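Next come the chains, spelled out residue by residue.
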Amino acid sequence: MRKIKDIIKDWMLPIAIISGISVYLIYYFTPALRPLGPVCGKIVSEGQRLLIAIMLFLQFVKISPHDLKFKRWHLYAAIFQVVTAGAIGAIIISTPPGDIRILLECAMICLICPTAAAAGVITDRLEGSLAETISYVVIINAIATLFIPTLITGINPTSEIGFWRYVLGIFLKIFPMLIAPCLLAWIIRYTTHKLQRWLMRYSHWSFYFWFFGLTFAMILSTKALVHSHISIGTILCIMLISMGCCAIQFYIGGHFSKNRKTRITARQALGQKNTGFLIWLGYTYLTPVTSIAGGLYAIWQNLFNSWELYRHNHGKEF
């Protein structure tokens, strides 16, 4: 029985990926289920955001505000994201509409997308620094709130939506998933110590919430891919772009320090993205088909995380 439990634990993330893809395909190819679409879609979309918020709340419960400190690798990672995404954004401005522009937009959002709340869950299990990961989650989300609108207004200068409308839209997307859980966790920390200590006993449940959150994310990603109506060639190119961006960021993040714990932390913080935000950003403000990059990125990063967890659980260095 324990062996089965260990196998499930090792392969939980691939199981979530397969489950999410399968659920949507079953729905799509079963006409009798179509009437349930609007309700189920709302449950999946809002459910994913709720799960992310709970996951982050359970991480903040373990961390004191004094633990959130700026580290040198935070600067390196932020500069990498801003410079690479900014450079691609500059190229996009002079690129006419078409497949090349779509691919450039995919690369740009894969690079500037903020770190996922789940990065702390995986980092903690890999024995990295949870506090440093959460610190970078806060830093890069603050940067993204202002920098992404700057990129979008530069790429779409004729848009009727002003800069501050973009900022407000992104802030409202980030607040329920990042700021609200943080504030609630710290209010509990400084007002009801018994509740905080009780919640800390269940902080490891974050990993299991992530399983369901990832399943929901894959349902949304599969939906975006099925309804994209683009050529196989373009899909393959987006697949390669998202895979390349994922591999580069995990690789670069793992070379910010010689310290093993910092390497693990920086690798997760830079490589693991908030793909739900990535899908929303592409679909809402750029060429809608770019949202596919978010779904594909979710697959690559979680396959890599599964490999990391497998090696860690079996005492292998990486």
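Structure first, text after, so check above.
Fair warning: this is a prediction, and the values are worked out from it, not measured in the lab.

S.K.: Can you break down the environment of Trp210 residue by residue, with the values?
M.R.: If you trace the backbone, Trp210 turns up in helix H11 (residues 206-226). Remark: the alpha-carbon pair of Trp210 and Ala117, spanning 93 residues in sequence, is separated by 9.3 Å.

S.K.: Can you tell me about unusual backbone geometry, naming the residues and giving the values?
M.R.: Trans peptide bonds make up the majority, and among non-glycine residues the majority have a negative phi. Of note in the backbone geometry, Glu127 takes a positive phi value of approximately 70° without being a glycine. Locating Glu127 in the fold gives a position in the loop between helix H6 (118-125) and helix H7 (130-155).

S.K.: Explain the side chain of Ser242 to me, and be specific about the residues and the numbers.
M.R.: With respect to the helices and strands, Ser242 occurs in helix H12 (residues 232-253). Ser242 has contacts with Cys110, Ala293, Leu296, Tyr297 and Trp300, leaving out every residue within four places of it along the chain.

S.K.: Got a sec to walk through a nonpolar patch on the surface? Specific residues and values, please.
M.R.: A contiguous nonpolar surface patch, about 480 Å² in accessible area, is contributed by Phe70, Leu75, Tyr76, Ile79 and Val83. When you line up the elements, Phe70 lands in the loop between helix H3 (37-62) and helix H4 (72-93).

S.K.: Can you break down the packing of aromatic side chains residue by residue, with the values?
M.R.: Evaluation of the coordinates by the stated rule reveals seven aromatic pairs. Between Tyr24 and Tyr28 the ring centres are 6.2 Å apart and the planes differ by 25°, which places this aromatic pair in the stacked class. On the criterion of helical spacing, the pair formed by Tyr24 and Tyr28 is a turn pair, its members being four residues apart in helix H2 (residues 12-28). According to the relative accessible area criterion, Tyr24 is buried, its value standing at 6%. Under the relative-accessibility criterion, Tyr28 is labelled partly exposed at 27%.

S.K.: Describe the packing of helix H13 (residues 260-271) against helix H15 (residues 291-313), with residues and values.
M.R.: Running from N to C, H13 and H15 point in directions that differ by 160°, and their axes come no closer than 11 Å. In terms of axis orientation, H13 runs roughly antiparallel to H15. H13 and H15 meet at a crossing whose hand is left-handed. Of the residues in H15, those in contact with Arg260, Arg267, Gln268 and Gly271 of H13 are Tyr297, Gln301, Phe304, Asn305, Glu308 and His312. Of the residues assigned to the contact of H13 with H15, the class counts are two nonpolar, five polar and three charged.

Basis of the calculations
- Residues numbered from 1 in each chain as written.
- Predicted model: local features only at pLDDT ≥ 70, side-chain atom pairs only at ≥ 80, totals over all residues.
- Heavy atoms only, no water.
- Helix = DSSP H or I, 4+ residues; strand = E, 2+ residues; numbered from the N terminus.
- Contact = heavy atoms within 4.5 Å.
- Patch = residues over 30% accessible without salt bridge, like charges linked within 9 Å, V, L, I, M, F, W, Y side chains within 5 Å.
- Areas by Shrake-Rupley, 256 points an atom, 1.4 Å probe, with all protein chains shown as cover.
- Salt bridge = Lys/Arg side-chain N within 4 Å of Asp/Glu carboxyl O.
- Phe/Tyr/Trp six-rings, centres within 6.5 Å; stacked < 30°, edge-to-face > 60°.
- Buried < 20%, exposed > 50% of the residue type's maximum accessible area, 1.4 Å probe, protein only.
- Axes fitted to C-alpha atoms, helices over the stretch in contact; angles between N-to-C directions.
- Parallel < 35°, antiparallel > 145°, perpendicular 65-115°, else oblique.
- Left-handed = near helix turned anticlockwise from the far one by under 90°.
- Nonpolar A, V, L, I, M, F, W, Y, C, P; charged D, E, K, R; others polar.

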